[in-house]
Structure formats: structure tokens, C-alpha cells
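# Summary of structural features
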Amino acid sequence: MPSSSLTTDATRITIDKRTARWDDEPVTAADALDFWSFAGGAANVVMQLARPGVGYGVVESKVDSGNLLKHPWKRARTTFTYIAVAVVGTEQDKLLYREAVNTSHRHVKSTAESPVRYNAFDRDLQMWVAACLFVGLEDTYQLLRGQMTPEQAEGFYRSAWPLGTTLQVTEDQWPPTRAAFDDYWNTACQNIHIDDTVRAYLLDLINLKMINPLLRLPFRRLLTFLTAGFLAPVFRDALGLSWSDRKQRRFEWLFRFVALVNRFLPAFIRKPSPYLLLADLRWRARRGKALV
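Residues numbered from 1 in each chain as written. Predicted model: local features only at pLDDT ≥ 70, side-chain atom pairs only at ≥ 80, totals over all residues. Heavy atoms only, no water.

## Structural notes on the overall build of the chain
When helices and strands are counted, the chain shows 15 helices and zero strands. Taking 2.2 N^0.38 as the reference for a compact globule, 292 residues should give roughly 19 Å; the C-alpha atoms of the chain span a radius of gyration of 18 Å, in line with that estimate. Projected onto its principal axes, the C-alpha positions of the chain cover 50 × 45 × 45 Å. Looking at the chain as a whole, 49% of its 292 residues qualify as buried. Approximately 14300 Å² of the chain is accessible, and the part contributed by carbon and sulfur atoms is 58%. One way to put it: in the chain the 38 positive side-chain charges average out to a point 8 Å from where the 30 negative ones average out. (Helix = DSSP H or I, 4+ residues; strand = E, 2+ residues; numbered from the N terminus. Rg over C-alpha atoms; globule rule 2.2 N^0.38 Å. Buried < 20%, exposed > 50% of the residue type's maximum accessible area, 1.4 Å probe, protein only. Areas by Shrake-Rupley, 256 points an atom, 1.4 Å probe, with all protein chains shown as cover. Lys, Arg positive; Asp, Glu negative; His and termini not counted. Charge placed at Lys NZ, Arg CZ, Asp CG, Glu CD.)

And the structure:
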């Protein structure tokens, strides 16, 4: 288990300070929802499952339709749809998706044989998952757009609260300021622990064991590299992924290049995915199809 001497450097990824800011206008979590958000998806799953209650809740889940290793594309769609609903969806979208997610969550709870106690309606575990989603959005945004000013960071943080409050997390459970969130995050990271069972599950994910071998071969090394790069040291070490200064420099150069390209892409190319996901959600709801 990590010691109590964790620092922000150990629990957050390094943001390349050489990435220039585009502007100093107010920003929200919606500004982070573009094509490149998918790059850190696997790393965010690792972060979430590093909390034992979440890890075993996923590994032992009897909700087969949401099993990441059996239905990877469906599970990815469900997760990214939830983020889109929470950040840019209407109140009706949130209500529809909350009911659908709650229906699945009712089946996710520990048994007498489970090594840890968990329940998908546990507000502390939901807060942890929402915090991981926020950290992922903030990190991706700053990799591509440069480090936010304190004022921008505060507005971005406040706009991301629905990542938790769309479900059972209450507003008074969220740390009230961005600085207070850092305190919560560093303390919460002391509770992460990835045992052999959860580690095997996560390594199967990163090694793409759930997809066709012909697709797996060209993408496995890239996904491993991106996942390790998007993980802070405390998560990377817990999972047992290697990293080096050379790999860190490659990661920074990659996203400096991506940030440059991204700067010249029109918004309709960079940001179609959340609105396509919302359109799919509303289409499914109108036809009575499963939402998750």
C-alpha cells in the first residue's frame, strides 16, 4: 500500500509546461470532450479499479452485458456516454441515464466470498470514480491546451461536479474548491491497492485480450504506452508498469505534436463524439432500447 507521504507529483501526471495556452477565457469540462479524450480511457479504468471496492465490483460483477473484457465496445460506449450526459447533457438526459445506470448497479454488491466489501451505490466509491473521471478530463485538456490559470481551473472543476452528482454523489460531498480537491485526491490515493486478481484483469485489458488478435497486435504496444503515460507514478507502480525518462520525453513530444495539430482542427472535427453519443442515447430512449 502507498505510504502517507504521497505528494501531488506522485498522484498526478506531469503536464508539459511547454504546451502553450490557447487563450485565457473561462473553460469548462465540456471543452475537454473531444476526440483525444479517448486516448487516456484505459488509464482511467486503471485509476478507478485501483480502489479495491471498485476493482472487485467490476471483476466480480454479474452484469455480463457490461463486462469490459466480454463487451469492450459496448462498455466503452456506456462510459463515454455517461461522461457526455454528465457534462453536456440535459436534465432529461441525466434522469434517463441515472435510472438506467441504477438498474445495473443494483446487481453490483459484494458476497460472503468477496475479499472486500463493496456496493455500487456506495457514495464514497462513486465519489472516487467521479474524481478519477475529472482528473482524466483535466489532464487531457491541459496536455492539449496548456496549463490552466487558477481562475480557469476553478471554473473547469466546478463544471465537472455532475460527473458524480448525476448519480448518488451529493454536492456537499464534493470538495468545495479546486485546492480542496487536491487534498481529497492525495488522501484518497493512499487507499489504492491493486492485488493479483485485479491486476490480471487490468493487464488483460491493456493487452487487448478481449479483441480479435489481428486487431490486437498493431495496437497493444501503443495502448500500453499511452496507458502508462497517462498514469501518475502511484498508479503505474501499483499496476507494475515500467516507465523511464526516455518514455516520458516521448510521451511529452507526442502530445506536443498532437496539441499543435489539434489547434488547427475545426471544432466539428475535434468535438463530434459527445453529441453523437447523446443523439444515440435519445434515439435508444425513444425506441425503448437498453441505454447501458
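Now that the structure has been shown, the text picks up again.
## Focus on the nonpolar core
Inside soluble globular proteins, nonpolar side chains tend to come together where they are buried. L163, W185 and F235 are the most contacted members of the largest nonpolar core, which totals 88 residues. Looking at this core, the element that brings in the most residues is helix 6 (residues 123-145), giving 13 residues. If we skip the residues at most four places from it in the chain, W185 touches T11, R12, M47, W128, A131, C132, V135 and F235. (Core = buried A, V, L, I, M, F, W, Y, C linked by side-chain atoms within 4.5 Å. Contact = heavy atoms within 4.5 Å.)

## Quick look at the packing of aromatic side chains
Scanning the model with the defined rule gives 21 aromatic pairs in all. Seen in terms of ring centroids, F181 and W185 are 6.1 Å apart; in terms of plane orientation they differ by 15°. Their pairing is stacked. Of this pair, F181 and W185 both sit in helix 9 (residues 178-188), separated by four residues, roughly a single helical turn. Geometrically, the ring pair formed by W185 and F235 is tilted, given 6.1 Å between the ring centres and 40° between the ring planes. Here W185, found in helix 9, pairs with F235, found in helix 12 (residues 233-239); they are 50 residues apart in sequence, far enough to count as distant. (Phe/Tyr/Trp six-rings, centres within 6.5 Å; stacked < 30°, edge-to-face > 60°.)

## Some details on empty space enclosed by the protein
Remark: the empty space left among the atoms is shown by a probe the size of a water molecule rolled over them. Applying the stated criterion to the full structure yields one cavity of 30 Å³ or more. Approximately 30 Å³ is the volume found for the largest cavity. Lining the largest cavity we find D31, A32, D34, T140, Y141, L144, R145 and N262. Here the lining of the largest cavity gets four residues from one element, more than from any other, and that element is helix 6. (1 Å grid on protein atoms, 1.4 Å probe; cavity = no way out; pocket = protein on both sides within 12 Å on 5 of 7 lines; lining within 4 Å. Points joined across faces, edges and corners; volume = space filled by probe spheres on them.)

## Topic: the side chain of N44
Looking at the secondary structure, you find N44 in helix 2 (residues 41-49). At 2.8 Å, the side chain of N44 forms a polar contact with the backbone oxygen of C132. Sequence-distant contacts of N44, that is, excluding residues within four places in its chain, are made with C132, L133 and G136. (Polar contact = N/O pair within 3.5 Å; in protein donor to acceptor, adjacent residues only side chain to side chain.)

## So, a nonpolar patch on the surface
Taken together, the side chains of L215, F219 and L222 define a hydrophobic patch exposed on the protein surface, amounting to about 290 Å² of accessible area. Of note, F219 is situated in helix 11 (residues 213-230). (Patch = residues over 30% accessible without salt bridge, like charges linked within 9 Å, V, L, I, M, F, W, Y side chains within 5 Å. Salt bridge = Lys/Arg side-chain N within 4 Å of Asp/Glu carboxyl O.)

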